[in-house]
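So the chains spell out like this:
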Amino acid sequence: MRTDGLHRQGLLVAASLSGAILLLGFGAPAVAASSPKAEVRGVEDKALRAEIQQVIGQGAAPTSRLEARRRANDAADQITAVLRSEGYYDAQVEPDIGDGDSPHPFVTVAAGPRSHIAEPAITWLGAAPDAASDKAAVQAMALSPGAPGKAADVIAAEGRIVAALQAHGYADAAADPRSVVVDHADHTLKPEFRVRSGALVRLGLVEVKGKSHSSEAWVTRLAPWRRGDVYKPASVATLEKLLLDTGAFNQVNVALAPESDAMNGERPVIITLTPRPKGTIELGASYSTTEGAGIDSRWLVYNRLGLGDTITTLAQLAQIDSRLQTELALPDWRKINETLKLTAALYRDNTPAYDLRGAGLSADLTHKFGQISFITYGLSLDETSTIQNEAANFIAGARGRHLTTVGTLFAFTADNSNDPLDPTKGFRLGARLEPTWSVGDGSIGYVKGSAQASIYLPLQADAATVLALRLKMGVIAGGNIPGVPPQDRFYSGGGGSVRGYGYQEVGPRYPDNTPEGGLSQVESSVEVRQRLTDTWGLAAFIDTGYVGNQTTPDFSHPEVGAGIGVRYNLGFGPIRFDIATPLVRRDGDAAIQVYLSIGQSF
């Protein structure tokens with residue numbers, strides 16, 4: 001028997017499944033008993049029986065013989081569709097409701113022998129593709145003779161054939177209705193796929209459409225192909241992702257022009273860009289018992305230069321760090337996955353260790369490789385005026401200092417943790433190397449280096465308990481105290497470093513208790529995070545820190561803080577409330593410190 005109806009059987013099964021799900025989710029009365037709409041008899045295969053029962057669905061007991069008969073007949077039709085989709089084309093399916101006053105719908109099934117795949121073939125409608133693509137299509141079909149003749153496998157094979165052709169450059173490949181021969185004598189299923197490969201497509205000019213005013217030359221440079229290259233779906237997907245990753249567009253669509261628009265055997269590529277709103281304003285506020293209050297606003301402007309760029313203007317007023325800053329970010333600058341950031345800033349820092357006024361320019365180039373790793377190169381120029389403490393004859397005194405500083409930056413980061421605000425597994429790595437030269441009041445050159453690693457270890461399969469570990473080390477080589485400007489020294493203490501201590505309170509201090517800063521730094525944290533419910537959790541932690549005025553760290557006298565915390569999950573991340581105390585208090589140290597912020601401490 002020859003039939004083209006196998007795809008219709010697949011649709012019938014899908015429709016039956018959808019209907020069953022809708023009835024289960026929405027159609028059943030709240031008071032109805034949960035029982036099968038019809039009993040299935042004669043199916044011994046547990047998996048097949050479960051599939052059939054899922055399609056039939058649940059419902060209340062029938063109230064009449066007419067309703068029972070209708071249910072039995074409906075179930076028989078659904079079972080027949082399932083059996084055929086699984087390769088049972090010789091099954092006998094008999095609906096009935098039995099005798100008596102209590103009608104009970106049931107279906108007796110004799111599945112019979114299962115049909116198996118035999119002689120799968122591809123028939124090319126029109127010109128056949130080249131030999132390599134023909135071979136790839138046959139391999140993609142992946143129907144093994146003797147395998148069960150499942151409708152889903154046949155339908156999936158057709159999709160794989162078309163996808164294989166498109167991957168080899170036949171962008172217009174499409175399948176006509178397939179032919180499937182079921183031989184009831186030898187119980188075989190012989191699928192024949194009728195495919196039109198179309199012509200091999202080569203890529204032509206890039207045309208940008210939409211209201212984004214994007215540079216066509218820039219978009220063309222992003223395209224991971226050259227004019228005349230064979231069409232590859234992966235290349236189109238890569239370009240779409242690159243454009244979306246800039247953040248400048250709400251929607252990106254990359255498509256081939258119609259075949260009629262081909263020129264010299266090349267098809268133009270049409271890129272339609274839907275821009276984001278021209279500007280976005282963000283407002284924020286913060287408060288810390290150790291760092292005080294602050295407010296900030298960000299004004300973001302997208303694609304002003306037509307290069308997928310973002311211009312961010314930051315105005316921040318805070319007790320410690322206040323600034324007015326503008327940053328231009330140019331994604332995929334000169335090379336794919338490279339972002340150039342140009343920044344100009346006026347800033348003021350009022351910290352326990354120093355007061356700083358300054359203006360700066362910087363340029364950073366970040367290269368992304370892989371999915372989690374970044375390398376950054378940077379150059380900066382700063383003009384600063386600092387009031388810093390110095391000690392002479394054990395007496396602290398203030399000193400004004402004006403410097404012009406040229407800094408370079410080499411940084412590496414990798415982050416494969418599963419959540420930026422609440423990681424439960426994975427790790428984070430980071431390292432920075434900053435050679436710096438300062439001229440003016442006390443010219444000096446030095447190199448500042450630091451590295452940090454964090455790891456997150458779930459102790460159960462559901463990550464209800466997580467052990468989080470952090471280690472940070474840093475050193476300044478080639479400088480001394482007080483030669484190294486105070487803003488470039490190491491400091492520890494506070495919610496993001498050593499809890500239990502106030503901001504910059506870990507390490508050496510001047511006689512008046514002002515933080516001195518150091519040339520070396522070591523920090524470590526051990527934290528156990530326990531989830532209690534979907535919204536509430538607890539944490540217990542021990543933080544250790546050391547800041548020294550020598551380049552070689554001294555581990556013999558670390559300062560240690562310990563505490564507990566509460567976490568409340570906002571959905572996108574937790575609110576963190578921590579309370580901690582220093583285990584060994586010095587003059588000026590508070591008995592406890594309280595920290596409130598969004599996200600885990602590390």
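Above this note sits the structure.
Calculation rules
Residues numbered from 1 in each chain as written. Predicted model: local features only at pLDDT ≥ 70, side-chain atom pairs only at ≥ 80, totals over all residues. Heavy atoms only, no water. Helix = DSSP H or I, 4+ residues; strand = E, 2+ residues; numbered from the N terminus. Rg over C-alpha atoms; globule rule 2.2 N^0.38 Å. Buried < 20%, exposed > 50% of the residue type's maximum accessible area, 1.4 Å probe, protein only. Contact = heavy atoms within 4.5 Å. Areas by Shrake-Rupley, 256 points an atom, 1.4 Å probe, with all protein chains shown as cover. 1 Å grid on protein atoms, 1.4 Å probe; cavity = no way out; pocket = protein on both sides within 12 Å on 5 of 7 lines; lining within 4 Å. Points joined across faces, edges and corners; volume = space filled by probe spheres on them. Nonpolar A, V, L, I, M, F, W, Y, C, P; charged D, E, K, R; others polar. Pairing = 2+ DSSP bridges. Axes fitted to C-alpha atoms, helices over the stretch in contact; angles between N-to-C directions. Parallel < 35°, antiparallel > 145°, perpendicular 65-115°, else oblique. Left-handed = near helix turned anticlockwise from the far one by under 90°. Phe/Tyr/Trp six-rings, centres within 6.5 Å; stacked < 30°, edge-to-face > 60°. Arc of directions from axis to C-beta. Expected span 1.5 Å × (residues − 1).

## Observations regarding the overall build of the chain
Item 1. Of regular secondary structure, the chain possesses seven helices and 30 strands.
Item 2. What you see for the chain is a C-alpha radius of gyration of 35 Å, clearly larger than the 25 Å of a compact globule of 602 residues, by over 25%.
Item 3. Overall size of the chain, expressed as C-alpha extent along the three principal axes, is 105 × 70 × 40 Å.
Item 4. Put simply, the chain has 602 residues, and 41% of those count as buried.
Item 5. Considering only residue pairs separated by 6 or more positions, the chain has 57% of its internal contacts joining residues 24 or more positions apart.
Item 6. Accessible area of the chain: about 30200 Å², with a carbon and sulfur share of 58%.

## Thoughts on the layout of surface pockets
Item 1. There is about 410 Å³ of room inside the second largest pocket.
Item 2. In terms of lining, the second largest pocket is formed by 17 residues, of which the most central are Asp245, Thr246, Pro331, Asp332 and Thr339.
Item 3. When residues of the lining of the second largest pocket are traced back to their parent elements, those giving at least two are helix H7 (233-245), strand E18 (321-330), strand E19 (338-350) and strand E20 (354-369).
Item 4. The biggest single contributor to the lining of the second largest pocket is E19, with three residues.
Item 5. By residue class, the composition of the lining of the second largest pocket is five nonpolar, six polar and six charged.

## Structural notes on the sheet that holds strand E6 (residues 106-110)
Item 1. Reading across from one edge, E3-E6-E5 is the order of the three strands in this open sheet, with mixed pairing throughout. In the strand order of this sheet, the two ends are held by strand E3 (39-41) and strand E5 (92-96), each with one partner. Direction aside, the axes of adjacent strands within the sheet are offset by 20° on average.
Item 2. Where E5 lies against E6, five bridges are found, and the strand directions are antiparallel. Paired with Gln92 across the bridge in E6 is Ala110.
Item 3. Against the sheet, helix H3 (residues 65-85) contacts E3, E5 and E6, and its axis sits at roughly 165° relative to E5.

## Focus on the packing of helix H4 (residues 131-141) against helix H5 (residues 151-167)
Item 1. Between H4 and H5, the least distance of the axes is 8 Å, while the angle of their chain directions is 155°. The orientation of H4 relative to H5 falls into the category roughly antiparallel. Of the two possible hands of crossing, H4 and H5 adopt the one that is right-handed. In contact with Ser133, Ala136, Ala137, Ala140 and Met141 of H4, H5 contributes Ala157, Arg160, Ile161, Ala164 and Leu165.
Item 2. For the contact of H4 with H5, the per-class residue count stands at eight nonpolar, one polar and one charged.

## Quick word on the packing of aromatic side chains
Item 1. Inspection of every chain in the model, using the stated rule, returns four aromatic pairs.
Item 2. Measuring from ring centre to ring centre gives 6.2 Å for Tyr354 and Tyr491, while their planes differ by 45°; the resulting arrangement is tilted. On the criterion of sequence distance, the pair formed by Tyr354 in strand E20 and Tyr491 in the loop between strand E25 (465-477) and strand E26 (520-531) is long-range, its members being 137 residues apart.
Item 3. Given the relative accessible area of 16%, Tyr491 is considered buried.

## Side note on H4
Item 1. Taken as a whole, H4 has its buried residues at Ser133, Ala136, Ala137, Ala140 and Met141. Mapping the buried residues of H4 onto a view down its axis gives an arc of 140°, with all of them on the same face. Residues of H4 that are exposed and point more than 90 degrees away from the buried face comprise Ala131, Lys135 and Gln139.
Item 2. Buried residues along H4 sit in contact with strand E8 (121-124), H5 and strand E11 (188-196).

## Quick look at H7
Item 1. The first and last C-alpha atoms of H7 sit 18 Å apart over 13 residues, in line with the 18 Å expected at 1.5 Å per residue.
Item 2. Looking only at H7, the buried set comprises Ser235, Val236, Leu239, Leu242 and Leu243. Taken down its axis, H7 places every buried residue within 125° of arc, on the same side.
Item 3. On its buried side, H7 packs onto helix H6 (216-222), strand E13 (249-256) and strand E14 (266-275).
Item 4. Phi for Gly247, located one or two positions after H7, is positive at around 80°.

Function-wise, these values are silent; they only describe arrangement.
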